[in-house]
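Commentary on secondary and tertiary structure
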Amino acid sequence: MWAAFAKPEDFPNLGHEAIDDEHENIARLMNELHDAIHHRVALSEQRRLHHELETYVRVNNRSEEQMMETDSYPNRESHHKAHEAMYRKLYEYEKVLQAGREDASLQGLHALRELLIRHIAQEDSRVASWHRIHNISADSPD
Ligand SMILES: [Fe+2]
Ligand SMILES: [Fe+2]
């Protein structure tokens, strides 16, 4: 038995329950996809997991975008662009998966994991901190 591919401790906890839950789901799906590639399950199943992963990434990004709007987060534009770049990577990765070469699929998933961990640690964490500060000083809680 090997260690989980995307370990929960690698995905920084931002202290925001909903966003953290979404990130956890993303990590879980990456693990499922990793296992599927590793066990050479049917490509259709790998594609299904990729689709689910992409859906969760979109759900998470939309929650963050909504939060940034509500909180008037100053760097909305650049965060938004980072999300768009993420969708492009996911789209490119879908093509890699479809080619059905295990090495390339695993390598691509590693790159995707690094991208997501970096984004959460650097950019999402700023949104979560801003949200915390914004809501401490707000008159009415949401
Ligand atoms: Fe995120
Ligand atoms: Fe984000």
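Residues numbered from 1 in each chain as written. Chains lettered and ligands numbered in written order. Predicted model: local features only at pLDDT ≥ 70, side-chain atom pairs only at ≥ 80, totals over all residues. Heavy atoms only, no water.

Okay, the coordination of the iron ion (ligand 1) next. Around the iron ion (ligand 1), the protein contributes the donor atoms H23 (NE2), N60 (OD1), E64 (OE) and D124 (OD), which lie 2.0 to 2.3 Å from the metal centre. In the primary structure, the donors to the iron ion (ligand 1) are separated according to the pattern H-x36-N-x3-E-x59-D. Between the iron ion (ligand 1) and the iron ion (ligand 2), a spacing of 3.7 Å is present, and a bridge between the two is formed by E64. Of this pair, N60 sits in helix α2 (residues 43-70) while D124 sits in helix α4 (residues 102-137), and the two are 64 residues apart along the sequence. (Donors = N, O, S within 2.8 Å, 3.2 Å for Na, K, Ca; no water. Helix = DSSP H or I, 4+ residues; strand = E, 2+ residues; numbered from the N terminus.)

Quick look at the UniProt feature "domain: Hemerythrin-like" (unreviewed entry) in the protein now. Summarizing the sequence annotation, UniProt attributes the feature "domain: Hemerythrin-like" (unreviewed entry) to residues 16-128 in the numbering used throughout. A helix fraction of 89% and a strand fraction of 0% characterise residues 16-128, whose end C-alpha atoms lie 7 Å from each other. (UniProt positions renumbered as here; feature names shortened; annotations may be inferred.)

A metal bound by six donors in octahedral fashion has ideal angles of 90 or 180 degrees, whereas one bound by four tetrahedral donors has an ideal angle of 109.5 degrees. Taken together, E64 (OE), H79 (NE2), H83 (NE2), H119 (NE2) and D124 (OD) make up the full set of protein donors to the iron ion (ligand 2), lying 2.0 to 2.2 Å away. Written as a sequence motif, the donor residues of the iron ion (ligand 2) are E-x14-H-x3-H-x35-H-x4-D. The buried category is assigned to H119, whose relative accessible area is 7%. (Buried < 20%, exposed > 50% of the residue type's maximum accessible area, 1.4 Å probe, protein only.)

Before going further, it helps to examine the nonpolar core. Counting residues in hydrophobic clusters, the biggest one holds 31 residues, and the most contacted among them are M30, L33, L53 and L109. Elements supplying a minimum of two residues to this core: α1 (17-38), α2, α3 (76-99) and α4. Leave out the neighbours within four places in its chain, and M30 touches F5, A6, F11, L53, L109, L112, R113 and L116. (Core = buried A, V, L, I, M, F, W, Y, C linked by side-chain atoms within 4.5 Å. Contact = heavy atoms within 4.5 Å.)

Let us look at the environment of I19. Looking at where I19 falls in the secondary structure, it is placed in helix α1. Considering only alpha carbons, one finds I19 and Y56, 37 residues apart in sequence, at a separation of 11 Å. Beyond its immediate sequence surroundings of up to four residues, I19 is in contact with L14, N60, S63, E64 and M67.

For the rest of this paragraph, the subject is the packing of α1 against α2. Closest axis-to-axis distance for the α1/α2 pair is 9 Å, and the angle between their directions is 165°. Relative to α2, the element α1 lies roughly antiparallel. The hand of the α1/α2 crossing is left-handed. Contacts between α1 and α2 involve I19, E22, H23, N25, I26, R28, L29, M30, E32, L33, A36 and I37 on the former and, on the latter, Q46, L49, H50, E52, L53, Y56, V57, V59, N60, S63, E64 and M67. (Axes fitted to C-alpha atoms, helices over the stretch in contact; angles between N-to-C directions. Parallel < 35°, antiparallel > 145°, perpendicular 65-115°, else oblique. Left-handed = near helix turned anticlockwise from the far one by under 90°.)

Phi is positive for R40, close to 50°, though the residue is something other than glycine. Here R40 lies in the loop between α1 and α2. With a phi angle near 50°, S72 is a residue other than glycine that sits in the positive phi range. Structurally, S72 is set in the loop between α2 and α3. Residue class for S72 comes out partly exposed when judged on its relative accessible area of 46%.

Quick look at α2 now. Its 28 residues place the ends of α2 40 Å apart at the C-alpha level, agreeing with the 40 Å of an ideal helix rising 1.5 Å per residue. Residues Q46, L49, H50, L53, E54, V57, N60, N61, E64, E65, M67 and M68 constitute the buried set of α2. Of the residues trailing α2, S72 is marked for its positive phi of about 50°. (Expected span 1.5 Å × (residues − 1).)

Attention now moves to α3. If you check α3, its first and last C-alpha atoms are 35 Å apart, about what 24 residues at 1.5 Å a residue would give, namely 34 Å. Turning to α3, its buried residues are H79, A82, H83, M86, Y87, L90, Y93 and L97. G100 sits one or two positions beyond α3 and adopts a positive phi of about 70°.

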